[in-house]
Amino acid sequence: MESYIAEWLHLALRWLHVVAAITWVGSSFYFNRIDRSFRPPVPPVDRVSGQLWSIHGGAIYNYSRYPLGPGYVPDRLKWSKWESLSTWVSGACLLAVVYWWGASINLVAGGADSLSPAQAVMASIASIVAAWVIYDILCRVIPSDRMLSVVIAVLVSLSVWGFTFIFSGKAAYLHAGIVMATIMAGNVWFVILPGQNKMLQAIRDGTIDTFDVGADAKRRNFHNNYLTLPVVFAMIAAHFPMTYGHHYGWVAFLLLSGAGVSIRHFFNTMHAGKAQPRWIVVGLALGLATMVLLAPANLTGGTSAATASVDVAKVGAVIHTRCAVCHAPTPSMDGFTEAPKGFVIDTLDKAARHADQIRQMAVATDVMPPGNLTEMTADERRLLADWIAAGAPTK
Ligand code: HEC
């Protein structure tokens, strides 16, 4: 019953989270595109720094940018704020249901010196708070924009590397994504929105012409713009064990984040009317470098030497004791009411048919068993490797 309710909460929250994130990322992309597309109006218009004509859905729209407002506070002023809050809150709830409630399966690294589920949950909470506090302090003490960007890139890199020591690979990636997403949501709620409120107050007070938007709000907007693609990658990477399950998964994370930043930069230059396609090339090159880094050793078809004599009975026993306690129609493992992801390998025949997936999850990586709950040994993984290399015989 408990896992059934957890599953429904998971479904509902994921649905909400994805929709909220679409609205946030969508409006962020949209405003960045509009903002960079503005050109000075001809003839000049009082207080307007840029204008843009756009066509959509059968109508032509005219946008005007008033950097310090039109001289009064419009009656109806549309804000962009609930997108970021709903994305962050739904994400935090999803984290709690999937990774805190299911900490022993999804969060802990497993192994002898692994954190306990309760400690891992504490570490997860601490990482979220620390992400914002450290980032915010850095923004206040480092005056140079360039230096700040470098320091933040280094810190995010260190965080994904550090998380691999305390969490499972999947949770390490996710937490690096949460660090970035928390920085982004914090920027909106703690810096950008209060700044906008001050600006409105200055318009009301008649002091707007001496109002300074502040370099800080600008660079936080800049960080949010460039973090978007790495965050989205971190959120979908859980579907790709070849990335987070690899020994150098954290390097792959950095390379692909770099690719995301490059590609974002290309779009920024394009909307500004000065497209620099070389940034697409940089992004693709980083993607290619990641493919090379993660390539399995036997990609070119080389098989291991010891293929002839695999003890098939032993293989059956390993899969039975290490995997099928969960991956069976009615699992014997506590907390499982059905085979996870519908993936059933309760007989050697079925295992043989799914040899490729088993290789991906338990040989090329040690993603399965999760947290090594069933205490699979390195020898057993080698046995599965030999069995698969021999063509996964069933007798
Ligand atoms: C403690 C229970 C448990 C054990 C033991 C376990 N798994 Fe899993 N397995 C899971 C869960 C939970 C998932 C879903 C993970 C996710 O959502 O990312 C999963 C997913 C998988 C998948 C991905 C299926 C898909 O279609 O996405 C494969 C393949 C897999 N396991 C193989 C194995 C193998 C091989 C073993 C034994 C070496 C094993 N598992 C042992 C719980 C278990």
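Quick caveat: nothing in here was measured; it's all calculated off a predicted structure. (Residues numbered from 1 in each chain as written. Predicted model: local features only at pLDDT ≥ 70, side-chain atom pairs only at ≥ 80, totals over all residues. Heavy atoms only, no water.)

J.: Which residues make up the overall build of the protein, and what values do they have?
T.: What the protein contains, in helices and strands, is 14 helices and 2 strands. Across its three principal directions, the C-alpha atoms of the protein cover 85 × 45 × 45 Å. Residues classed as buried in the protein amount to 38% of the 395 residues present. Long-range contacts, defined here as pairs at least 24 residues apart, represent 66% of the contacts in the protein between residues at least 6 apart. Put simply, the protein shows about 22200 Å² of open surface, and 65% of that area lies on carbon and sulfur atoms. If the 29 positive side-chain charges of the protein are averaged to one point and the 24 negative ones to another, these points end up 10 Å apart. (Helix = DSSP H or I, 4+ residues; strand = E, 2+ residues; numbered from the N terminus. Buried < 20%, exposed > 50% of the residue type's maximum accessible area, 1.4 Å probe, protein only. Contact = heavy atoms within 4.5 Å. Areas by Shrake-Rupley, 256 points an atom, 1.4 Å probe, with all protein chains shown as cover. Lys, Arg positive; Asp, Glu negative; His and termini not counted. Charge placed at Lys NZ, Arg CZ, Asp CG, Glu CD.)

J.: Give a description of the packing of helix H5 (residues 145–166) against helix H9 (residues 249–271) that names residues and reports values.
T.: Where H5 contacts H9, the axes come no closer than 9 Å and their chain directions differ by 155 degrees. Compared by their axis directions, H5 and H9 come out roughly antiparallel. Seen along the crossing, H5 lies across H9 with a hand that is right-handed. Between H5 and H9, the residues in contact are Ser 157, Val 160, Trp 161 and Thr 164 and Trp 250, Phe 253 and Leu 254, respectively. Looking at the contact of H5 with H9, its residues break down into 5 nonpolar, 2 polar and no charged. (Axes fitted to C-alpha atoms, helices over the stretch in contact; angles between N-to-C directions. Parallel < 35°, antiparallel > 145°, perpendicular 65-115°, else oblique. Left-handed = near helix turned anticlockwise from the far one by under 90°. Nonpolar A, V, L, I, M, F, W, Y, C, P; charged D, E, K, R; others polar.)

J.: So, the pairing of strand E1 (residues 50–56): which residues are in play, and what are the values?
T.: Examined bridge by bridge, E1 and strand E2 (residues 59–65) share 7 bridges and lie antiparallel to one another. If you follow Ser 54 over to E2, its bridge partner there is Tyr 61. Between E1 and E2, which follow one another and run antiparallel, lie 2 residues, and Gly 57 among them has a positive phi close to 55 degrees. (Pairing = 2+ DSSP bridges.)

J.: Outline a nonpolar patch on the surface, supporting the account with residue identities and numerical values.
T.: Residues Met 1, Tyr 4, Ile 5, Trp 8, Leu 9, Leu 11 and Trp 101 make up a contiguous nonpolar surface patch of about 780 Å² in total accessible area. Topologically, Leu 11 is positioned in helix H1 (residues 2–37). (Patch = residues over 30% accessible without salt bridge, like charges linked within 9 Å, V, L, I, M, F, W, Y side chains within 5 Å. Salt bridge = Lys/Arg side-chain N within 4 Å of Asp/Glu carboxyl O.)

J.: I'd like to hear about the domain arrangement of the protein, residue by residue, with values.
T.: Each domain of the protein was delimited in the assignment, giving domain 1 (2–294) and domain 2 (312–389). Each of domain 1 and domain 2 was reduced to a C-alpha centroid, and the two centroids are 37 Å apart. The partner domain 2 presents 11 residues to the 12 residues of domain 1 that form the contact. A combined buried area of about 810 Å² lies between domain 1 and domain 2, and 65% of that area is made up of carbon and sulfur atoms. Per-residue buried area on domain 1 facing domain 2 is highest for Ser 3, Ile 105 and Pro 241; these three make up 50% of the total on that side. (Domains from an automatic or database assignment. Buried area = accessible area lost by both parts, 1.4 Å probe.)

J.: So what's going on with the site of the ligand? Residues and values would help.
T.: For the ligand, the set of nearby residues contains 22 residues, the closest of which are Lys 170, Cys 323, Cys 326, His 327 and Met 368. Taking Lys 170, its side chain carries an N or O atom lying 2.7 Å from an oxygen atom of the ligand. His 327 places a side-chain nitrogen or oxygen 2.8 Å from a nitrogen atom of the ligand. Of all the secondary-structure elements, those providing two or more residues to the shell around the ligand are helix H11 (312–323) and helix H13 (355–363). (Near = heavy atom within 4 Å. Polar contact = N/O pair within 3.5 Å; in protein donor to acceptor, adjacent residues only side chain to side chain.)

J.: I'd like to hear about unusual backbone geometry, residue by residue, with values.
T.: Along the chain, Val 42 connects to Pro 43 via a cis peptide bond; the corresponding omega equals -5 degrees. Take Pro 43: it is sitting in the loop between H1 and E1. The omega torsion of the bond from Met 368 to Pro 369 falls at -15 degrees, within 30 degrees of zero and hence cis. On the secondary structure map, Pro 369 appears in the loop between H13 and helix H14 (378–389). Although it is not a glycine, Lys 341 sits at a positive phi angle of roughly 60 degrees. Among the structural elements, Lys 341 can be located in the loop between H11 and helix H12 (348–353).

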